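Architecture and fold: a report
Okay, here's what each chain looks like letter by letter:
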Amino acid sequence: MKVQDVMSESPRTLNTDASVADAARMMRDLHVGVLPIAEHDRLVGITTDRDLVIRALSESKGPDTPVKDCMTGLVLYCFQDDDVADVAANMQEQQVQRLMVLDDRDSKSLVGVISLSDIASKGKHDERIQSAVSSCSTQYQRVA
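Before going into details, it helps to say that this report is about the structure given with it. (Residues numbered from 1 in each chain as written. Predicted model: local features only at pLDDT ≥ 70, side-chain atom pairs only at ≥ 80, totals over all residues. Heavy atoms only, no water.)

The set of residues buried in helix α3 (residues 84-94) consists of Val84, Ala85, Val87, Ala88 and Met91. One face of α3 carries all of its buried residues, which in axial projection span an arc of 160°. The backbone nitrogen of Ala85 has a side-chain oxygen 3.1 Å away, supplied by the residue at the start of α3, namely Asp83. In the stretch just after α3, Gln95 is the one whose phi turns positive, near 55°. (Buried < 20%, exposed > 50% of the residue type's maximum accessible area, 1.4 Å probe, protein only. Helix = DSSP H or I, 4+ residues; strand = E, 2+ residues; numbered from the N terminus. Arc of directions from axis to C-beta. Polar contact = N/O pair within 3.5 Å; in protein donor to acceptor, adjacent residues only side chain to side chain.)

Most of strand β3 (residues 34-39) is tucked away, with five of its six residues classed as buried. Bridge analysis of strand β2 (residues 14-15) against β3 gives two bridges, and the strand direction is parallel. Following the sheet pairing, Leu14 is matched in β3 by Ile37. Relative to strand β4 (residues 42-48), β3 runs antiparallel, the two sharing six bridges. Residue Val34 lies in a different strand from β4, and its bridge partner there is Thr48. Counting the residues that bridge the hairpin from β3 to β4 gives two residues, and of these His40 lies at a positive phi of roughly 55°. (Pairing = 2+ DSSP bridges.)

If you walk across this open sheet you meet the three strands as β2-β3-β4, and the pairing is mixed. Each of the sheet's edge strands pairs with one partner strand only, and the pair in question is β2 and β4. Strand contacts of helix α1 (residues 20-30): β2, β3 and β4, with the helix running at about 130° to β3, the strand carrying the most contacts. (Contact = heavy atoms within 4.5 Å. Axes fitted to C-alpha atoms, helices over the stretch in contact; angles between N-to-C directions.)

Time to look at the packing of aromatic side chains. The tally for this structure, following the rule as stated, stands at one aromatic pair. Consider the rings of Tyr77 and Phe79, whose centres lie 5.6 Å apart with planes at 80°: the pair is edge-to-face. Of the residues examined, Tyr77 reaches a relative accessible area of 36% and is grouped as partly exposed. (Phe/Tyr/Trp six-rings, centres within 6.5 Å; stacked < 30°, edge-to-face > 60°.)

What follows concerns the side chain of Thr47. Turning to its location among the elements, Thr47 is positioned in strand β4. Residues within four places of Thr47 in sequence aside, it is in contact with Ala23, Met27, Gly33, Val34, Leu35, Ile37, Leu52, Val67, Cys70 and Met71.

Here we come to unusual backbone geometry. Glycine aside, a negative phi is what most residues show, and trans is what most peptide bonds show. Even without being glycine, Ser60 reaches a positive phi, approximately 60°. With respect to the element layout, Ser60 can be found in the loop between α2 (49-56) and β5 (77-79). Residue classification places Ser60 among the exposed positions, given a relative accessible area of 68%. Residue Gln95 is not a glycine yet carries a positive backbone phi of 55°. The topology assignment puts Gln95 in the loop between α3 and β6 (98-102).

The quantities given are spatial measurements derived from coordinates; they are silent on function.
Shown next, in the form of structure tokens:
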């Protein structure tokens, strides 16, 4: 099974100069916990609901703080034609629950987001995928 078969497609991005309040509202409206951050149509980071709390709210930064001040600049990604079990194993190794999905190795355009829950729900009939997801889940329980 390929990443493109299970990913969430066409993710909305937020510009680096958008505010923390803008990010929170967009997350609420889209029912998501992560937003890709772009600058001039180039992916430069991500921000999560946790980032907003840990890097903004807990440091008394106001709602007008630019999202670039609380984003994660290291963007972990995979490609849409990657094997889902391999991606799940990579997520376990990197200890992350989501990856940005790029279209191909040349243009590297953002086309989706893949999460462990996407993999678990859509790959439930693939033994290899479920094994990888199970390993990830066990690891997250130990870390938490």
